[in-house]
Amino acid sequence: MSEERTGRIEYKWLAMMVVSIGTFMATLDASIVNVSLPTITSELNTTLPIAEWVVAIYLLVITGLLLTLGRLADLIGRKPIYIAGIAIFTAGSAFCGFSPAIFWLIASRGIQAIGAAMIMANGPAIITDAFPANERGKAMGVNGMVVASGLTAGPAIGGFLVGAAGWPSIFLVNLPIGVLGVVVAQIILRGGPRRWERHFDIPGALLLLISMSSLTLALSQGPEREWDLRIQALIGTAVIGAILFLVRERTAPHPVVDLSLFRIRLFAFANASAFISFVATFSVTFLMPFFLSGVLGYAPARMGLALTAVPITIALVAPVSGSLSDRIGSRTLSSAGLLITSIGMFMLSRLRADVPLPYVVASLVMVGLGSGIFQSPNSSAIMGSAPKSMLGVAAGMLATMRNLGMVTGVAVSGAVYTSRLMHYRESLGPVQASVEAFHDAFLVAAAICVLGVVTSAVRGSGTTT
């Protein structure tokens, strides 16, 4: 084996290690905060609706900036943007940990989210650059495993840290990891800053931020506020912002998002499938805790153990499905994964008030199995279908579909459950009415997943780079 080949093998896995550090931190902090909200609310002497903005601002800023920061990395280089992302995330974590008041904490979470968006919009692009095309699926599988691990570990690590050292520790624990991430990224990642030869579309970026943030806020707050006038105004703002953004991108000399990307059938339909997948799976993530606690009466520890079935299964399956997609292609695996997920959703729609724990776990494992089979091949298809000059935008689009799918899944499942619960309460007792409402919500999620099977199957084999 030549030295050149040996060096390439070493670099790709070192680059994966660097990306994994940032990805794990960003996904961990997306889930670690929820468990500490009651403590934060009490110790900072605030109310829960205000404290919930500690979670909401993180999601809003990330979703609003992903595509813009992906494009910026395409223009000036992925290495400087990625390193800046880890540095900003680490600084935001320090500000969070030393926050003296709730509004300082919320603002600090916004800073943290800017760094997280820079990480998320560049990680898959760096991996795609580092790995050859015939190993891209395997690389995306490993990345998917890291994402699932971060989401899985968040509640457990958060609960331990809050109990042992107080809520600031869930942020301060990022500091040594972040410093390590900056150092190793500077040493390992190839490529310095590029010379900025093109203008950046600032008006387009602002329109995108307004539209995405408004839509994310509307979807996340809509069910709680019963889609009142403020939510309708946010939806209207999102729609108008999106229209103006599309008009701007069609005429801008250097657009944030080159709309020609969506003429690539594989790119367009794989992103649509990703969005649909996350809508369906986050319906489960949102509804299952209420079913397990409210209907089955599970204690928090038992409930948490059952819910880890999905991310653990994804973490185990994603690398295998990614490697397999390198050999047989992504379309069959992605479509099969969504079909398996829909079967898992149907199994959940059969849950009863006396259902045994093994059936619950088996249903959740089926959902995780389908998601694990789907995600790595589909992500590989998205990244492989984009030109190398637009990998940052492609990575930003992939992460945007994930975030929008998450909040849409919560909004849709919450709306279906609430409306069906009101219907069933007219003729059934409270427990049975709740069970039937859960059934309908999971059936809707299964139907959404079947739609994803169609969008995945009709995308064609495409051309990947």
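Conventions and cut-offs
Residues numbered from 1 in each chain as written. Predicted model: local features only at pLDDT ≥ 70, side-chain atom pairs only at ≥ 80, totals over all residues. Heavy atoms only, no water. Phe/Tyr/Trp six-rings, centres within 6.5 Å; stacked < 30°, edge-to-face > 60°. Helix = DSSP H or I, 4+ residues; strand = E, 2+ residues; numbered from the N terminus. Buried < 20%, exposed > 50% of the residue type's maximum accessible area, 1.4 Å probe, protein only. Lys NZ or Arg CZ within 6 Å of the ring centre and 35° of its normal. Contact = heavy atoms within 4.5 Å. Core = buried A, V, L, I, M, F, W, Y, C linked by side-chain atoms within 4.5 Å. Expected span 1.5 Å × (residues − 1). Polar contact = N/O pair within 3.5 Å; in protein donor to acceptor, adjacent residues only side chain to side chain. pLDDT = per-residue confidence, 0-100.

### Considerations on the packing of aromatic side chains
A full pass over the atoms with the stated rule returns six aromatic pairs. Measuring from centroid to centroid gives 5.0 Å for W13 and F131, while their planes differ by 90°, and the two rings are edge-to-face. Within this pair, whereas W13 is found in helix α1 (residues 3–31), its partner F131 is found in the loop between α7 (123–130) and α8 (136–165), the two being separated by 118 residues in sequence. Note on F131: relative accessible area 6%, which makes it buried. Members of the aromatic cluster, connected to one another through ring pairs, are F291, Y417, F438 and F442. We note R109 situated over the ring of Y58; from NZ or CZ to the ring centre the distance is 4.1 Å. Just above the ring of F346 sits the side chain of R350; from NZ or CZ to the centre is 5.3 Å.

### Points about the environment of I448
By the secondary structure assignment, I448 is in helix α19 (residues 430–457). Along the backbone, I448 and G409 are 39 residues apart, and their C-alpha atoms lie at a distance of 9.9 Å. In this structure, I448 is in contact with I276, V279, A280 and V412, ignoring residues within four places of it in sequence.

### Overview of the nonpolar core
By size, the foremost hydrophobic cluster in this structure holds 86 residues, and its most contacted members are I62, Y82, L105 and L189. Of all the elements, helix α4 (residues 53–76) adds the most residues to this core, at 13 residues. Leave out the neighbours within four places in its chain, and L105 touches I40, L44, V54, C96, S99, W167 and F171. With 42 residues, the next largest nonpolar core counts I276, V295, L421 and I448 among its residues.

### Re helix α12 (residues 229–251)
With 23 residues, α12 extends 33 Å from end C-alpha to end C-alpha; this agrees with the ideal 33 Å at 1.5 Å per step. Of the residues that open α12, the one with a side-chain oxygen 3.2 Å from the backbone nitrogen of R230 is D228.

### Let's talk about helix α17 (residues 357–385)
Under the 1.5 Å per step criterion, the end-to-end length of α17 is 42 Å for 29 residues, consistent within 8% with the ideal 42 Å. Most of α17 is tucked away, with 21 of its 29 residues classed as buried.

### Considering the confidence of the model for the protein chain
The share of residues in the protein chain with pLDDT of 70 or more is 94%, and the mean pLDDT across the chain is 83. Looking across the protein chain, the model is least confident in helix α14 (residues 300–307), with a mean pLDDT of 72, and most confident in helix α5 (residues 78–97), with 92. Low confidence marks residues 1–8, where pLDDT is under 50. Its contacts with residues over four positions away, or in another chain, come to four contacts.

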